Amino acid sequence: AKYVANGDPKTTIDSYTRNPLNAGGESDWIHPTPTGYDAGWAQAVYDAMVAEFGGDKDNITYSKIVCVGDSITEGSTAGAANTYPVKLQQKLNS
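Residues numbered from 1 in each chain as written. Predicted model: local features only at pLDDT ≥ 70, side-chain atom pairs only at ≥ 80, totals over all residues. Heavy atoms only, no water.

A.B. asks: Describe the nonpolar core, naming the residues involved and giving the relevant values.
C.D. replies: Side chains of nonpolar character tend, in soluble globular proteins, to be buried together. If you look at the biggest cluster of nonpolar residues, it comprises 11 residues: Y37, A42, Y46, M49, V50, I60, I72, A78, Y84, L88 and L92. In terms of residue count, helix α3 (residues 34–52) provides more of this core than any other element does, five residues in total. Those residues in contact with Y37 that lie beyond four places of it in its chain are P32, A42, S71, I72, G75, S76, T77, A78, N82, T83 and Y84. (Core = buried A, V, L, I, M, F, W, Y, C linked by side-chain atoms within 4.5 Å. Buried < 20%, exposed > 50% of the residue type's maximum accessible area, 1.4 Å probe, protein only. Helix = DSSP H or I, 4+ residues; strand = E, 2+ residues; numbered from the N terminus. Contact = heavy atoms within 4.5 Å.)

Below, the structure is given as C-alpha cells:
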C-alpha cells in the first residue's frame, strides 16, 4: 500500500524501487531504494505494529523482532545501514 500511495512503480528518481534514474545500470524494478526500505517497508511494518498495540507506539512491547525474508530483507542493493530491519529498529527506538 505504501508503494501504491507513492505512485510506484514509476520511472522517476523518487521511486521506491530501483529504476534507470535512481540506480543507473543496476536497476531491476524490484529491489527498493533506501527510501523504499524506509518509507515503504519499514514504515508499513511499524504502522502494523502500532496498530496491533492499540494505536500508541508507547504500548509496543517486544523482546525480539525477527525479520525473515529474501534479498529485499537483507538489503542487498541498499547497504547494511539502509535495510528495512535497521530502519524499523530506528523507528521503534525513536
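A.B. asks: Hey, could you go over the packing of α3 against helix α5 (residues 84–93) for me, with residue numbers and the actual values?
C.D. replies: Across the interface, α3 lies against α5 with an axial gap of 9 Å and an inter-helix angle of 50 degrees. Our classification of the angle between α3 and α5 gives oblique. Between α3 and α5 the crossing geometry is right-handed. Along the contact surface, α3 presents Y37, D38, W41, A42, Q43, V45, Y46 and M49, while α5 presents Y84, K87, L88, K91 and L92. When its residues are assigned to classes, the contact of α3 with α5 shows nine nonpolar, one polar and three charged. (Axes fitted to C-alpha atoms, helices over the stretch in contact; angles between N-to-C directions. Parallel < 35°, antiparallel > 145°, perpendicular 65-115°, else oblique. Left-handed = near helix turned anticlockwise from the far one by under 90°. Nonpolar A, V, L, I, M, F, W, Y, C, P; charged D, E, K, R; others polar.)

A.B. asks: Summarise the side chain of T33; cite the residues concerned and give the values.
C.D. replies: Along the chain, T33 falls in the loop between α2 (20–23) and α3. For T33, a relative accessible area of 8% translates into the label buried. Setting aside anything within four residues of it in sequence, one finds T33 in contact with S15, Y16, T17, R18 and N22.

A.B. asks: Give me the lowdown on the environment of Y84, citing residues and values where you can.
C.D. replies: Here Y84 is to be found in helix α5. With 25 residues separating them in the primary sequence, Y84 and N59 have C-alpha atoms 22 Å apart. Y84 has contacts with Y37, W41, A42, V45, C67, I72 and T73, leaving out every residue within four places of it along the chain.

A.B. asks: So what's going on with α3? Which residues, and what values?
C.D. replies: Between the first and last C-alpha of α3 there are 26 Å, a value that for 19 residues agrees with the 27 Å anticipated at 1.5 Å per step. The axis of α3 is deflected most strongly, by about 35 degrees, at Q43. Burial in α3 covers these residues: G36, Y37, G40, A42, Y46, M49 and V50. Buried residues belonging to α3 abut α1 (2–5), α4 (71–74) and α5. (Expected span 1.5 Å × (residues − 1). Bend = angle between axes of the 7 residues up to and from the residue.)

A.B. asks: Could you give an account of the pattern of salt bridges, with specific residues and numbers?
C.D. replies: Enumeration according to the criterion identifies one salt bridge in this entry. Notably, a salt bridge pairs D38 with K91, separated by 2.9 Å at the nearest N-O pair. Remark: K91 occurs in helix α5 and D38 occurs in helix α3; sequence separation between them is 53 residues. (Salt bridge = Lys/Arg side-chain N within 4 Å of Asp/Glu carboxyl O.)

So yeah, pure geometry; function would need other evidence.
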